[in-house]
Amino acid sequence: MQVGLPYRISLDAINPYIPGKRLEEAVKELGIERVVKLASNENPLGCSPRVYEAVKKVLEAPSRYPDGNSTELRAELSRQTGLTPQQFVIGAGSFELISFVAETFIGPGDEAIMPVPSFSWYGTVTRLREGKVVPVGLTAEHGVNLKAILAAITERTRVIWLCNPNNPTGTLLPGEELAQFLEAVPRHIVVALDEAYCDFIGEPGYPDSLEWLYRFEHVVVLRTFSKIHGLASMRIGYAAASERTISYFNRVRQIFNVNALAQAAAVASLRDKDFRRRVFDNNRQGKEYLYGEFQRLGFSYIKSEASFVMVHVREDSDPLFQQLLREGVIIRPGTGFGMKEWLRVSVGTEEENRIFIEALERAAAGGLRLLRQAGSLSG
Ligand SMILES: *Cc1c(COP(=O)(O)O)cnc(C)c1O
């Protein structure tokens with residue numbers, strides 16, 4: 001007799017994550033040496049040179065367990081921000097921090113509100129907790145709709161997921177508006193503010209969200225070392241919140257969740273402001289270049305405060321994605337975000353951006369030719 005294993009029913013609603021094509025895979029499949037990967041918002045300038053020295057030191061004793069409290073890193077964060085070390089918890093990337101929020105605050109039947117499209121992991125962790133995802137669409141300008149989110153609050157709401165700047169649209173909530181929103185949200189609801197791209201914000205006078213932690217107990221700020229620090233392979237990020245909330249995150253956290261290499265790399269990177277400045281400048285110049293080229297090609301785009309740009313290619317971006325792939329250029333088609341005629345491209349180096357634009361121009365022109373052929377057939 002066939003006996004079924006007790007797979008939890010709620011897991012049937014979750015699709016295993018299909019990771020983006022790996023660089024090496026793509027190279028092998030296509031037989032192309034030069035692959036330009038602009039699909040996952042990785043840092044085009046790599047990471048701080050200081051990271052290599054720090055990591056080498058850790059490798060002298062790989063047999064030792066890491067510091068389960070990431071003491072040095074939390075001390076450095078405290079020094080740089082003015083918050084207490086007890087206001088930080090370190091996670092294996094923001095992915096894990098997002099899980100901490102769900103495990104701490106969401107139970108079966110609880111509701112969590114999230115903008116759509118945004119970072120899909122918020123929805124997954126909510127469902128893993130057997131909570132209910134309440135999706136709220138963006139504004140006509142592709143920004144997070146705070147008014148609609150407030151209106152979606154019910155008695156069962158436990159968490160509001162916000163991504164600022166928002167991935168994949170790159171839009172930024174004005175600081176003033178966000179502060180008013182935090183004020184309006186009932187204090188028993190957690191606002192998880194994912195700021196993976198906060199270091200790329202070019203808006204002058206935009207407030208440092210960590211300041212809000214002094215005023216609001218219900219805010220949790222999530223930041224990562226994967227983007228401006230260029231340490232995506234290391235898996236490390238931090239959450240900042242009240243000491244009380246952090247003490248709860250430490251209950252759901254496994255002791256050695258962050259490895260020693262990642263901790264050392266993060267400390268070294270935090271101390272290298274020059275590297276971050278270079279990344280910021282490259283990103284700003286890259287966006288200006290892309291905007292100009294999109295205009296030249298007749299594509300509209302969403303002005304981005306992050307390290308990627310969403311562009312309206314006015315045709316199904318899946319075939320366009322395939323076409324670009326054949327040229328060794330990997331981008332993210334908009335389909336997965338429910339934005340079929342858009343594509344998201346990470347800002348690369350000057351050369352990578354140029355290669356992308358040239359490939360896009362060829363691929364899009366091919367599309368236009370097909371359109372014209374279809375038109376001539378019908379008339
Ligand atoms: C990249 C990204 C993350 C993932 O960060 P990790 O620290 O690499 O886990 C989290 N949130 C958003 C919105 C991102 O774009």
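Just so you know, these numbers come straight off a predicted model, no measurement behind them. (Residues numbered from 1 in each chain as written. Predicted model: local features only at pLDDT ≥ 70, side-chain atom pairs only at ≥ 80, totals over all residues. Heavy atoms only, no water.)

**Details of the pairing of strand E4 (residues 132–137)**
We apply this condition: The pairing criterion is simple: DSSP has to find at least two bridges between the two strands. Numbering of helices and strands runs from the N terminus, with a helix taken as a DSSP run of H or I at least four residues long and a strand as a DSSP run of E at least two residues long. When the strands point away from the viewer, a crossover counts as right-handed if the path from the first strand over the helix to the second runs clockwise.
Sheet topology places strand E3 (residues 111–116) next to E4; six bridges connect them, and they run parallel. Each residue of the ladder has a partner; that of Glu111, found in E4, is Lys132. Once you follow E3 into helix H5 (residues 121–128) and on to E4, the crossover reads as right-handed.

**So, the sheet that holds strand E7 (residues 219–224)**
In a beta sheet, neighbouring strands are held together by backbone hydrogen bonds and run either parallel or antiparallel to one another. Operational definition: Fitted lines through C-alpha atoms give the axes, limited to the stretch in contact for helices. The angle between two N-to-C directions lies from 0 to 180 degrees. Only heavy atoms enter the contact rule, under which two residues are in contact if any of them lie within 4.5 Å.
The strand order E2-E8-E7-E6-E5-E3-E4 describes an open sheet built from seven strands, whose pairing is mixed. Lying at the two open borders of the sheet, with one neighbouring strand each, are strand E2 (88–91) and E4. Mean inter-strand twist for the sheet, computed between neighbouring axes without regard to direction, equals 20°. When strand E5 (residues 157–163) meets strand E6 (residues 190–194), the two strands line up parallel, connected through five bridges. Looking across to E6, one finds that Val159 is bridged to Val190. Along the sheet, helix H4 (residues 93–105) makes contact with E2, E5, E6, E7 and strand E8 (237–240), crossing E2 at roughly 120°. Packed onto the sheet, H5 meets E3, E4, E5 and E6 and runs at close to 160° relative to E5.

**Things to note about helix H2 (residues 50–58)**
This is how it is decided: Summary of the burial criterion: residues with accessible area below 20% of their type's maximum are buried, those above 50% are exposed, and those between are partly exposed, where the area comes from a 1.4 Å probe applied to protein chains only. Relevant arc is that of directions from the helix axis to the C-beta atoms, nothing else.
Among the residues making up H2, those that are buried are Val51, Ala54, Val55 and Val58. End-on view of H2: buried residues confined to an arc of 95°, all on one side of the axis. Seen from the open side of H2, the exposed residues pointing more than 90 degrees away from its buried face are Tyr52, Glu53, Lys56 and Lys57. Where H2 is buried, its residues meet helix H10 (260–270).

**Topic: the site of the ligand**
Here is the rule: If even one non-hydrogen atom of a residue comes within 4 Å of a molecule or strand, that residue is called near it. The term polar contact refers here to a pair of N or O atoms within 3.5 Å; inside protein, the definition further demands a hydrogen-donor-capable atom paired with an acceptor-capable atom, and it admits residues adjacent in sequence only when both atoms are side-chain atoms. The nonpolar class holds Ala, Val, Leu, Ile, Met, Phe, Trp, Tyr, Cys and Pro. Asp, Glu, Lys and Arg form the charged class, and all remaining residues, Gly among them, are polar.
Around the ligand, the surrounding shell holds 13 residues, and the nearest of these are Ser94, Tyr197, Thr224, Ser226 and Lys227. The separation between an oxygen atom of the ligand and a polar side-chain atom of Ser226 is 2.6 Å. Lys227 places a side-chain nitrogen or oxygen 3.1 Å from an oxygen atom of the ligand. The element best represented in the shell around the ligand is H4, accounting for three residues. Its residues assigned to classes, the shell around the ligand comprises five nonpolar, five polar and three charged.

**A closer look at the side chain of Asn41**
On the secondary structure map, Asn41 appears in the loop between strand E1 (36–37) and H2. You can call Asn41 buried: its relative accessible area is 3%. Here the side chain of Asn41 touches Tyr197 through a polar contact of 2.8 Å, side chain to side chain. Within the structure, the side chain of Asn41 is placed 2.7 Å from the side chain of Ser346, a separation counted as a polar contact. Setting aside anything within four residues of it in sequence, one finds Asn41 in contact with Asn167, Tyr197, Lys227, Ser307, Phe308, Arg344 and Ser346.

**Thoughts on the side chain of Ser307**
On the secondary structure map, Ser307 appears in the loop between strand E9 (300–302) and strand E10 (308–312). Overall, the relative accessible area of 6% leaves Ser307 in the buried class.

**As for the sheet that holds strand E12 (residues 332–333)**
The strand order across the open sheet formed by four strands is E9-E10-E13-E12, and the pairing between neighbours is antiparallel. Because the sheet does not close on itself, it has two edges, and the strands there are E9 and E12. Strands E9, E10 and strand E13 (342–346) of the sheet are contacted by helix H11 (residues 273–297), whose axis makes an angle of about 5° with E10.

**Quick notes on the packing of H4 against helix H9 (residues 243–252)**
Formally: Any angle that is under 35 degrees is reported as roughly parallel, and any over 145 degrees as roughly antiparallel; angles of 65 to 115 degrees are reported as roughly perpendicular and all others as oblique.
The geometry of H4 relative to H9 is characterised by a closest axis approach of 9 Å and an angle of 95° between their N-to-C directions. Compared by their axis directions, H4 and H9 come out roughly perpendicular. In this structure, H4 contributes Phe100, Val101, Glu103, Thr104 and Phe105 to the contact, and H9 contributes Thr245, Tyr248, Phe249 and Val252. Tallied by class, the residues present in the contact of H4 with H9 amount to six nonpolar, two polar and one charged.

**Here's the deal with the pattern of salt bridges**
Defined as follows: Note on definitions: salt bridges are taken to be side-chain nitrogens of Lys or Arg within 4 Å of carboxyl oxygens of Asp or Glu.
Following the criterion strictly, the structure yields 22 salt bridges and no others. Notably, a salt bridge pairs Glu53 with Lys56, separated by 3.3 Å at the nearest N-O pair. Pair noted here: Glu53 and Lys56 are both in helix H2, with a separation of three residues, about one helical turn. Residues Glu53 and Lys56 agree in their burial class; the two are exposed. Across the salt bridge formed by Lys340 and Asp316, the nearest N and O atoms sit 3.1 Å from each other. One end of the pair, Lys340, is in the loop between E12 and E13; the other, Asp316, is in the loop between E10 and helix H12 (317–326), and 24 residues separate them in sequence. Its relative accessible area of 47% is what places Lys340 among the partly exposed residues.

**Side note on H11**
Basically, it comes down to this: For a helix, the expected span equals 1.5 Å multiplied by the number of residues minus one.
The end-to-end C-alpha distance of H11 is 36 Å, a good match for the 36 Å that 25 residues give at a rise of 1.5 Å each. Measuring from the backbone nitrogen of Asp274 back to the side-chain oxygen at the start of H11 gives 3.3 Å, which picks out Asp272 as the cap. Two residues or fewer past H11, Gly298 is found with a positive phi of approximately 80°.

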